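A look at the structure
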Amino acid sequence: MDESSGVLCILVVILVGMSAFFSGSETAFATINKIRLKNLAAEGNKKAAKVLKVAEDYDRALSAILIGNNIVNIGSASIGTIIFTSWFGPANGAWISTLVMTIMVLIFGEILPKSLAKENAERFSLAVVDILDFLIKIFSPLIFFFLKLKELISRSNGENQQPSVTEQELKYIIEESESEGVLEEQESQLVQSALDFDETVVSEVLTPRVDVVAIELNEDIDTIKSLFFEEGYSRLPVFQGTIDTIVGVIHSKDFFRAYIQEKNVDISKLLQKTIYVPPKKRISELLRELQKLKSHMAVVTDQYGGTIGVITLEDMIEELVGDIWDESDEEEIDIVKVSDTEYQVSGDTNIEDFFDRIDFEYRESDFEDCAHTFAGWALETFERIPEMGDYFEYENLKIQVLEVSEQRILKFSIFVQPIN
């Protein structure tokens, strides 16, 4: 090997090393944990702040990386051709150079640096950020041209900028964090409930009309007193004539204070104002309204003004933290596992909750215009009041009516059938 060949070999090694630098930088800045770096920057780490600045404008950084990477890869390939041609002659030098340089660049310039950078993204990015920032400035005219070209193509294709992380991807990240032990199970469930909270509508969590305990405006005082004791509720809706005309809410504290002070209680003077909401209203919006009005209950009405049911603050908070029980509540078990292939559920069990319980895929598109409970699902499927023993199938589930009383479906048996 003559002196010139030795110099060229050293140059090839340097260029492959630079290729490794660019490849590793691309992976590191694409996979860094920005939250971790923000914490480092908040603690006074100037390099972390610099990495964040570069990462926030990733298009510029990527353009500089790709320009540099292509320059060094083309350069190493060209010099490699010169070296191997001088060693093996024009006939064999070209193909030997292509084979050797492809393997070298692929292993040492791409695969190894990208793998290492992915495993140590934060440390790698902190180590190379000064060099990369300098190269971004050097290549700024070319970067400007490429970014404008990209912007022009994006406009012609009518593309809109997509969010970096979608809600579904965020849920997947949370699940992965739980499986890796970063989050406890209850923490993961709380975060996912918070993400689903804004998508939940009133009709999914209300107490239906048939289950509403209410009192008539002119009801006997002793009957009202007995009702408060028997049901254990702190508030009861008050209607005039029929339950379709709810005129307010009465609090047990106000009622018993008035009852002790004077036997002839005027219920109309104790009524608290209530609000009326449509069934498709998001509970996140309703929660803010109730907080603003310092109210705890809303009446859900249909398009004709009839009462569909009522919803309370507790109903909405339970969507976040799960069921809340107090000493006056009687625990009701909505889902009973009979065997590995059979479950019994009450008619008002939420379909999505049951699917989550048995790890069955819930495809929201199949239930967009469907009732949220098993009873509603059955009514929409049969288009009549089913009889005991009637069943329908969904995927590999057999949903059979187990108990019906007074036009109301009370219980189902759910059979998980083998997948053919």
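These notes cover the structure that comes with them. (Residues numbered from 1 in each chain as written. Predicted model: local features only at pLDDT ≥ 70, side-chain atom pairs only at ≥ 80, totals over all residues. Heavy atoms only, no water.)

1. Points about a nonpolar patch on the surface
Residues Trp95, Leu99, Ile103, Leu106, Ile107, Phe108, Ile111 and Leu112 make up a contiguous nonpolar surface patch of about 780 Å² in total accessible area. Locating Ile107 in the fold gives a position in helix α4 (residues 58-119). (Patch = residues over 30% accessible without salt bridge, like charges linked within 9 Å, V, L, I, M, F, W, Y side chains within 5 Å. Areas by Shrake-Rupley, 256 points an atom, 1.4 Å probe, with all protein chains shown as cover. Salt bridge = Lys/Arg side-chain N within 4 Å of Asp/Glu carboxyl O. Helix = DSSP H or I, 4+ residues; strand = E, 2+ residues; numbered from the N terminus.)

2. Quick notes on the pairing of strand β4 (residues 242-251)
When a strand is regular, its side chains alternate between the sheet's two faces. Where strand β3 (residues 235-240) lies against β4, six bridges are found, and the strand directions are antiparallel. The residue bridging Pro237 from the neighbouring strand is Val249, located in β4. The antiparallel hairpin formed by β3 and β4 contains one residue in its connecting segment, where Gly241 sits at a positive phi of about 85°. (Pairing = 2+ DSSP bridges.)

3. Here's the deal with unusual backbone geometry
In this structure, Asp359 takes a positive phi of about 55° despite not being glycine. Along the chain, Asp359 turns up in the loop between α14 (351-357) and α15 (374-382).

4. Brief notes about the pattern of salt bridges
Applying the stated criterion across every chain yields a total of 16 salt bridges. A salt bridge links Lys337 to Asp340; the shortest N-O distance between them is 3.4 Å. A residue is classified by how much of its surface remains accessible, and Lys337, at 46% relative accessible area, is partly exposed. By sharing partners, the salt bridges in this structure join Lys47, Lys50, Asp130, Asp133 and Lys137 into a single network. (Buried < 20%, exposed > 50% of the residue type's maximum accessible area, 1.4 Å probe, protein only.)

5. Some remarks on the packing of aromatic side chains
Under the criterion given, the structure shown has 23 aromatic pairs. A centroid spacing of 5.1 Å and a plane angle of 75° characterise the contact between Trp377 and Phe392, whose relative ring orientation is edge-to-face. Residue Trp377 is found in helix α15, and its partner Phe392 is found in strand β10 (residues 391-394); the two are separated by 15 residues along the sequence. In terms of burial, Trp377 and Phe392 fall into one category: buried. (Phe/Tyr/Trp six-rings, centres within 6.5 Å; stacked < 30°, edge-to-face > 60°.)

6. Here's the deal with the packing of helix α8 (residues 185-197) against helix α13 (residues 313-321)
Each pair of packed helices can be described by the angle between their axes along with the distance between the axes. Direction vectors running N to C along α8 and α13 enclose 130°, while the axes themselves pass 7 Å from each other. In terms of axis orientation, α8 runs oblique to α13. In this structure, α8 contributes Leu190, Ser193, Ala194 and Phe197 to the contact, and α13 contributes Met316, Glu319, Leu320 and Val321. Partitioning the contact of α8 with α13 into residue classes produces six nonpolar, one polar and one charged. (Axes fitted to C-alpha atoms, helices over the stretch in contact; angles between N-to-C directions. Parallel < 35°, antiparallel > 145°, perpendicular 65-115°, else oblique. Contact = heavy atoms within 4.5 Å. Nonpolar A, V, L, I, M, F, W, Y, C, P; charged D, E, K, R; others polar.)

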